[in-house]
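Each chain is listed here by its residues.
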Amino acid sequence: MAKIVCVEDEPGLLEDIAATLEMAGHTVIQAANGALGLAAILQEKPDLTLSDVLMPIMSGHDLLRELRENEATANLPVIV
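Summarised in this report is the structure supplied together with it.

Parameters and conventions
- Residues numbered from 1 in each chain as written.
- Predicted model: local features only at pLDDT ≥ 70, side-chain atom pairs only at ≥ 80, totals over all residues.
- Heavy atoms only, no water.
- Helix = DSSP H or I, 4+ residues; strand = E, 2+ residues; numbered from the N terminus.
- Buried < 20%, exposed > 50% of the residue type's maximum accessible area, 1.4 Å probe, protein only.
- Pairing = 2+ DSSP bridges.
- Right-handed = clockwise from strand over helix to strand, strands pointing away.
- Contact = heavy atoms within 4.5 Å.
- Axes fitted to C-alpha atoms, helices over the stretch in contact; angles between N-to-C directions.
- Core = buried A, V, L, I, M, F, W, Y, C linked by side-chain atoms within 4.5 Å.
- Arc of directions from axis to C-beta.
- Polar contact = N/O pair within 3.5 Å; in protein donor to acceptor, adjacent residues only side chain to side chain.

Description of the environment of N70
Topologically, N70 is positioned in the loop between α3 (60–69) and β4 (78–79). Judged by relative accessible area, N70 falls into the partly exposed class, the value being 27%. Residues N70 and S51, spaced 19 residues apart in sequence, show a C-alpha to C-alpha distance of 17 Å.

In structure tokens form, the structure reads like this:
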């Protein structure tokens, strides 16, 4: 199955999304904001990223911009 980075600043929602994806057989790396998500993506090299839009420190739009500007992550599938 897929390795997925899930970026969400609401802890309960992050846990629920991760649990649902894990029950489906995916590996989920959780991040509480865009900056932590970016670090996780660069380290883990996931197959997919799911991201909230409105978050502290780095928004989902800013995260997506960073990913598209980086050659290593420019083609990573992202759902915002």
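So that's the structure; there's more coming.
A few points about the pairing of strand β2 (residues 27–31)
With 5 bridges connecting them, strand β1 (residues 3–7) and β2 associate as parallel partners. By the bridge assignment for β2, V5 is matched with I29. As a crossover connection, the stretch from β1 through helix α1 (residues 11–23) into β2 is right-handed.

Quick look at the sheet that holds strand β3 (residues 48–51)
Judged by pairing direction, the sheet is parallel, and its 4 strands sit side by side in the order β2-β1-β3-β4 without closing on themselves. In this open sheet, the two edge strands, each paired with only one partner strand, are β2 and β4. In the sheet, β3 pairs with β4 via 2 bridges, with the strands oriented parallel. Directly across from T49, in β4, lies its bridge partner V78. Running over the sheet, helix α2 (residues 34–44) touches β1, β2 and β3 and is turned about 165 degrees from β1.

A short note on the nonpolar core
Generally speaking, soluble globular proteins have nonpolar side chains that are buried together. By size, the foremost hydrophobic cluster in this structure holds 12 residues: V5, V7, I29, A31, L38, A40, I41, M55, M58, L63, L67 and L76. Taken together, the elements giving at least two residues each to this core come down to β1, β2, α2 and α3. The element that contributes the greatest number of residues to this core is α2, accounting for 3 residues. Not counting residues within four places of it along the chain, the set of residues in contact with V7 comprises A31, N33, G34, G37, T49, L50, S51, D52, M55 and L63. Formed by 8 residues, the second largest nonpolar core is a distinct cluster that contains A18, L21, V28 and L48.

With respect to α3
Inspection of α3 places G60, L63 and L67 among the buried residues, and these make up the whole buried set. Summarising the axial view, the buried residues of α3 lie within an arc of 60 degrees, below the 170-degree limit, and thus occupy one face. As for α3, its buried residues are in contact with β1, α2, β3 and β4. With a side-chain oxygen lying 3.3 Å from the backbone nitrogen of H61, the N-terminal cap of α3 falls on S59.

Take it as geometry only, folks, not as evidence of what the structure does.
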